[in-house]
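# Results of the structural survey
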Amino acid sequence: QVQLVESGGGLVQPGGSLRLSCAASGSISSINLMEWYRQAPGKEREWVATITGAGGRNYADAVKGRFTISRDNAKNTVSLQMNSLKPEDTAVYYCYTLGSKDYWGQGTQVTVSS
């Protein structure tokens, strides 16, 4: 079993920044890939960013150049630095990893509004 707990969401004005964190615990030795997803009201959950155990990164086109995913293997955390936020970034953000099965965090709300 793996537990994922997100933090760092909140309300921010357009153009602002937020940093999300995801802490992993439990059977984490099998964790390699970690990802962030988001789900806006009335929309399907969508992939945002991936980081592999080796540090390889990929981003959705909608966030490329604005968001940065990183991980601290010693602390078993993955972070998402979000800059130049737009109203369309408003969503619940979820941390995800694949171990013996899919593991999801509970989500953290990000609201971008003036």
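As a reminder, the structure under discussion sits directly above these lines.
First, a word on scope: everything that follows refers to the structure included in this document. Every residue gets a number counted from 1 within its own chain, in the order that chain's sequence is written. Given that the model is predicted, a residue must reach a pLDDT of at least 70 before its local features are reported, and side-chain atom pairs must reach 80 or more before they are shown or counted; all residues, however, enter totals for whole chains, interfaces and linings. Note that the side-chain values use all heavy atoms of the structure and ignore hydrogens as well as water.

Turning to the overall build of the chain, a few remarks are in order. Each helix corresponds to a stretch of at least 4 residues labelled H or I by DSSP, and each strand to a stretch of at least 2 residues labelled E; elements are numbered beginning at the N terminus. For the chain, the count of helices and strands is 0 helices and 11 strands. The helix and strand sequence of the chain, counted from the amino end, reads β-β-β-β-β-β-β-β-β-β-β. Taken over the C-alpha trace, the chain has a radius of gyration of 13 Å; the compact-globule value for 114 residues is 13 Å, and the two agree within 12%. Seen along its three principal axes, the alpha-carbon backbone of the chain occupies a region of about 40 × 25 × 20 Å. Looking at the chain as a whole, 39% of its 114 residues qualify as buried. Whether two residues are in contact is decided by their heavy atoms: any pair within 4.5 Å suffices. The contacts of the chain with a sequence gap of at least 6 include a subset with a gap of at least 24, amounting to 51%. Only the protein chains shown count as cover for residues, with accessible areas throughout obtained via the Shrake-Rupley method and a probe of 1.4 Å. Roughly 5900 Å² of accessible area belongs to the chain as shown, and the carbon and sulfur atoms make up 48% of that amount. In this charge count, Lys and Arg are treated as positive and Asp and Glu as negative; neither His nor the chain ends contribute. Just so you know, the charge point we use is NZ for Lys, CZ for Arg, CG for Asp and CD for Glu. Across the chain, the mean location of the 11 positive side-chain charges is 5 Å away from that of the 9 negative side-chain charges. We compute the radius of gyration from the C-alpha atoms alone; for a globule the expected value is 2.2 Å times N to the 0.38, where N is the number of residues. To sort residues, take the accessible area from a 1.4 Å probe on protein chains only and compare it with the maximum for the residue type: under 20% means buried, over 50% means exposed, and anything in between is partly exposed.

When a carboxyl oxygen of Asp or Glu lies within 4 Å of a side-chain nitrogen of Lys or Arg, that pair is called a salt bridge. Per the counting criterion, the structure on display carries 4 salt bridges. The closest approach of N and O atoms between R38 and D89, which form a salt bridge, is 2.9 Å. Here the residue R38 occupies a position in strand β4 (residues 34-39), and D89 occupies one in the loop between β8 (77-82) and β9 (91-98), the gap between them amounting to 51 residues. A relative accessible area of 6% means that R38 is categorised as buried. Residues joined by salt bridges that share partners form a network here, namely R38, E46, R66 and D89.

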